[in-house]
Amino acid sequence: MSNSHQTAVYRDAAFQGHETGEHPENPRRMVGLERALADAGVLVGRPSPVWDPATREQLARVHDERYLDQLERITASGGGWIDGDTLCGPDSLDVARLGAGAVCHAVGASLSGEQPRAFVLCRPPGHHAVAARAMGFCLLGNVAVGAAHARSSGAERVAILDWDVHHGNGTQDMFYEDDRVLVCSVHRHGGFFPGTGAAGERGRGAGEGFTINVPLRAGQGDAAFEAAFTDVFGPAVERFRPDLILVSAGFDAHAADPLGGMGMTDAGFARLATIVAGWSDALCGGRLVAVLEGGYDPDALGRSVVSTLAVLDGGGEGRVS
Ligand SMILES: [Zn+2]
């Protein structure tokens, strides 16, 4: 049986806004990514969705109203540093809302069956933003907003897989007591931002067991990431039987990344994508929405996204755990 899909790619020139100067999370990431997509010829004939920025209602499912008001005030007054890592310019909230809106649109189209698989290539990233504040280059929790949108659109269970080199602390926080959203993160841990994501963080109350963390040491590479997926996340995802899979797809565990300090390769990311695509084919009708998180070497980011996209188009191995 063929498991081929045509992955919708969400991209917009506006994601080259949110100017941050010499900050590692800057518009040049998107320039490198666009060049890699064009050179690989992978955009020809592909659906190019049209969507709206996330609404206040969509954002307020996971973010505090007072925080959203604060973001509006900061951007209206020209922006500035929100914390030691996170910069906000006059257009930053509009750019972030466009990214979160893309995730909501992709989730809706995936659940309706119109377009089961998508890759949202937005910035700024989202998985560190918590309910009441920005954190770690992230303003809005894109994947969390998408998971909440899926739940309010009728999905019973949503699985989130996060392979960014940093722990997805914001996403974890938002669903820590929730047994309908399974949050799995593999990341570098120990003297590394954001400091959370120990194996003992497993959820609370009804959500106990629905948060899974695999902390790794500096320098680990493809084999360690793959083992986290096959040995730890796989059995949990299979038991959970999600209606939709979301991926926090960061590429800063790549060996070329200036921040990550890990040793992954382009092929390693393709392998993770193969595993996750296989779960989505076996468990939830191929419904998978990947969302860009980190990845700060523009060339490595471009190559890794192209190889991940090829896997999402081709389907996975159709095999669980
Ligand atoms: Zn990261």
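Since we're looking at a predicted model, the values are computed, not measured.

When you look at the pattern of salt bridges in this model, what are you seeing that I'm missing?
In a structure, side chains of opposite charge can pair up when their charged atoms sit close to one another. Using the criterion set out here, one finds 15 salt bridges in the structure. As a salt-bridge pair, E34 and R11 come within 2.7 Å of each other at their nearest N and O atoms. Here E34, found in helix α1 (residues 28-40), pairs with R11, found in the loop between β1 (8-10) and α1; they are 23 residues apart in sequence, far enough to count as distant. Two residues, R271 and E226, come together in a salt bridge whose shortest N-O distance is 3.0 Å. Of the two residues, R271 is situated in helix α8 (residues 266-283) and E226 in helix α7 (residues 222-240); the sequence distance between them amounts to 45 residues. Under the relative-accessibility criterion, R271 is labelled partly exposed at 23%. Since its relative accessible area comes to 25%, E226 is described here as partly exposed. Each of R56, E65, D69 and E72 takes part in a single network of salt bridges with overlapping partners.

Got a minute to help me understand the coordination of the zinc ion in this structure?
Under ideal tetrahedral coordination, the four donors around a metal are separated by 109.5 degrees; under ideal octahedral coordination, the six donors are separated by 90 or 180 degrees. Note on the zinc ion: its protein donors are D164 (OD), D164 (OD), H166 (ND1) and D252 (OD). The metal-donor distances range over 2.0 to 2.7 Å. Around the zinc ion, the four donor atoms are arranged such that angles at the metal cover 53 to 154°; this shape is classified as irregular. If you list the donors of the zinc ion from N- to C-terminus, the spacing comes out as D-x1-H-x85-D. Considered together, D164 and H166 belong to a single accessibility category, that of buried residues.

Just checking my understanding: could you explain the side chain of R46 for this structure?
Mapping R46 onto the fold places it in the loop between α1 and α2 (56-60). Side chain to side chain, R46 and D313 meet in a polar contact 2.7 Å long. Beyond its immediate stretch of four places on either side in the chain, R46 contacts Q6, T7, V9, L309 and D313.

Definitions and limits used
- Residues numbered from 1 in each chain as written.
- Predicted model: local features only at pLDDT ≥ 70, side-chain atom pairs only at ≥ 80, totals over all residues.
- Heavy atoms only, no water.
- Salt bridge = Lys/Arg side-chain N within 4 Å of Asp/Glu carboxyl O.
- Helix = DSSP H or I, 4+ residues; strand = E, 2+ residues; numbered from the N terminus.
- Buried < 20%, exposed > 50% of the residue type's maximum accessible area, 1.4 Å probe, protein only.
- Donors = N, O, S within 2.8 Å, 3.2 Å for Na, K, Ca; no water.
- Tetrahedral: all angles 85-135°; square planar, octahedral: opposite > 155°, others 65-115°.
- Polar contact = N/O pair within 3.5 Å; in protein donor to acceptor, adjacent residues only side chain to side chain.
- Contact = heavy atoms within 4.5 Å.

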